[in-house]
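Structure at a glance
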Amino acid sequence: MVRGILQRVKSRIRVDAEFPARYKVQASSVIGPLSSMLGPSGRITLASLKWYFQESDRADFIEYAQNPLLVGSALNAESISSANHPDDDTGANTNSDKLNKTQIVNLDDQITKKSGPGTSLPYAIYPLMKRTNSESNDDRFSIGRIKGNDMIMKDMAISKRHAIIRIIKGSFYIKDCGSTNGTRLNGQTVKGEPVRLSDKDIIQLGNYKFTFLTPASLHDFLSSA
């Protein structure tokens, strides 16, 4: 069934002027089985992933997930086994005046708050897939605080338009969009040119960290929990 769905997927690739012309875009599927399971913030619930993980073998899970995912830093073997973690995905409410101005944060601070915007971000999972009703360019995923981004991260440390992850020749690259608190890749600040992402890289947006995992690595991660 999954294979039948995947065979019907067609990618539409457009050029984004923010990336240098020498980076030629290659088609990559961004609509797939996960698309219908994404919430308004572009997230998928851990429960949904665990369900499919339990119901499928490794090969089918990898084909089902299709593209890499950003996995929040608080998700580990212990938290995966527990149902007691925030899973908020209220992306539709991100135009509030309270979210109008980005706050400057200490990027080395540990996140200790227990409630309020951003509480669930350390537990969030963002597949690099488009929602079925997405109108944004198929070769990029915009990350930001407000509605209109593919990955909405509702926290004052995240800029309205914080970063972009772009598909270039089948690989994924990240570029900061002049955000207030910056973007880091494995501890190094991302500036200027887009930087290629590799499996298990650590992406830091403001003071939130995510691991870039391929579907195979995600399956192994869930297997170890």
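Residues numbered from 1 in each chain as written. Predicted model: local features only at pLDDT ≥ 70, side-chain atom pairs only at ≥ 80, totals over all residues. Heavy atoms only, no water.

Considerations on helix α2 (residues 46-55)
The complete set of buried residues in α2 reads Leu 46, Leu 49, Tyr 52 and Phe 53. In an axial view of α2, the angular spread of the buried residues amounts to 135 degrees, which keeps them on one side of the axis. Of the exposed residues in α2, the ones pointing more than 90 degrees away from its buried face are Ala 47, Gln 54 and Glu 55. (Buried < 20%, exposed > 50% of the residue type's maximum accessible area, 1.4 Å probe, protein only. Helix = DSSP H or I, 4+ residues; strand = E, 2+ residues; numbered from the N terminus. Arc of directions from axis to C-beta.)

Here we look at the pairing of strand β5 (residues 163-168)
Counting buried positions along β5 gives six out of six residues, so the element sits mostly inside the fold. Residues Ala 163, Ile 165 and Ile 167 of β5 are buried on one face, and the alternating residues Ile 164, Arg 166 and Ile 168, pointing to the opposite face, are buried as well. Both strand β3 (residues 140-144) and β5 contribute to a ladder of four bridges, which runs antiparallel. Bridge pairing links Phe 141 to Ile 165 in β5. As defined by bridge partners, β5 adjoins strand β6 (residues 171-176) across six bridges and the pair is classed as antiparallel. Bridging from a neighbouring strand, Ala 163 pairs with Asp 176 of β6. Taking the residues between adjacent antiparallel strands as the criterion, β5 and β6 are bridged by two residues, where Lys 169 takes a positive phi near 55 degrees. (Pairing = 2+ DSSP bridges.)

What about the pattern of salt bridges?
Counted under the stated rule, the structure contains three salt bridges. Here Asp 150 makes a salt bridge to Lys 130, at a shortest N to O gap of 3.0 Å. With Asp 150 in the loop between β3 and β4 (151-152) and Lys 130 in the loop between β2 (125-127) and β3, this pair connects stretches of sequence that are 20 residues apart. On the basis of relative accessibility, which here comes to 8%, the residue Asp 150 falls in the buried class. Across the pair Arg 166 and Asp 139 runs a salt bridge, and its minimum N-O distance is 2.5 Å. Here Arg 166 is found in strand β5, whereas its partner Asp 139 is found in the loop between β2 and β3, with 27 residues between them in sequence. We classify Asp 139 as buried; its relative accessible area is 0%. (Salt bridge = Lys/Arg side-chain N within 4 Å of Asp/Glu carboxyl O.)

A closer look at the packing of aromatic side chains
Working definition: an aromatic ring pair is given by the centre-to-centre distance plus the angle between the planes. In this structure the tally under the stated criterion is six aromatic pairs. Centroid distance Phe 53 to Phe 61: 6.2 Å. Interplanar angle 90 degrees. Geometry classified as edge-to-face. Considered together, Phe 53 and Phe 61 belong to a single accessibility category, that of buried residues. Among the aromatic side chains, those forming a connected cluster through ring pairs are Trp 51, Tyr 52, Phe 53, Phe 61 and Tyr 64. Above the face of the Phe 141 ring, Lys 130 is positioned so that its terminal group lies 4.9 Å from the ring centre. (Phe/Tyr/Trp six-rings, centres within 6.5 Å; stacked < 30°, edge-to-face > 60°. Lys NZ or Arg CZ within 6 Å of the ring centre and 35° of its normal.)

Quick notes on the packing of helix α3 (residues 58-65) against helix α5 (residues 215-224)
Relative to each other, α3 and α5 sit at 125 degrees, their axes nearing to 8 Å. Regarding the angle of α3 to α5, the classification is oblique. Here the hand of the crossing between α3 and α5 comes out right-handed. Of the residues in α5, those touching α3 at Arg 58, Phe 61, Ile 62 and Ala 65 are Pro 215, Ala 216, Leu 218, His 219, Asp 220 and Leu 222. Taken together, the residues of the contact of α3 with α5 break down into seven nonpolar, one polar and two charged. (Axes fitted to C-alpha atoms, helices over the stretch in contact; angles between N-to-C directions. Parallel < 35°, antiparallel > 145°, perpendicular 65-115°, else oblique. Left-handed = near helix turned anticlockwise from the far one by under 90°. Contact = heavy atoms within 4.5 Å. Nonpolar A, V, L, I, M, F, W, Y, C, P; charged D, E, K, R; others polar.)

Points about the sheet that holds strand β9 (residues 195-196)
If you walk across this open sheet you meet the five strands as β4-β3-β5-β6-β9, and the pairing is mixed. The outermost strands of the open sheet, each flanked by one partner alone, are β4 and β9.

Brief notes about the confidence of the model for the protein chain
Here the protein chain shows a mean pLDDT of 79. Residues at 70 or above account for 69%. Confidence over residues 21-27 falls short of pLDDT 50; this stretch has 17 contacts with residues more than four positions distant or in other chains. For the stretch residues 110-117, pLDDT sits under 50, and the model shows nine contacts to residues farther than four places along the chain or on other chains. (pLDDT = per-residue confidence, 0-100.)

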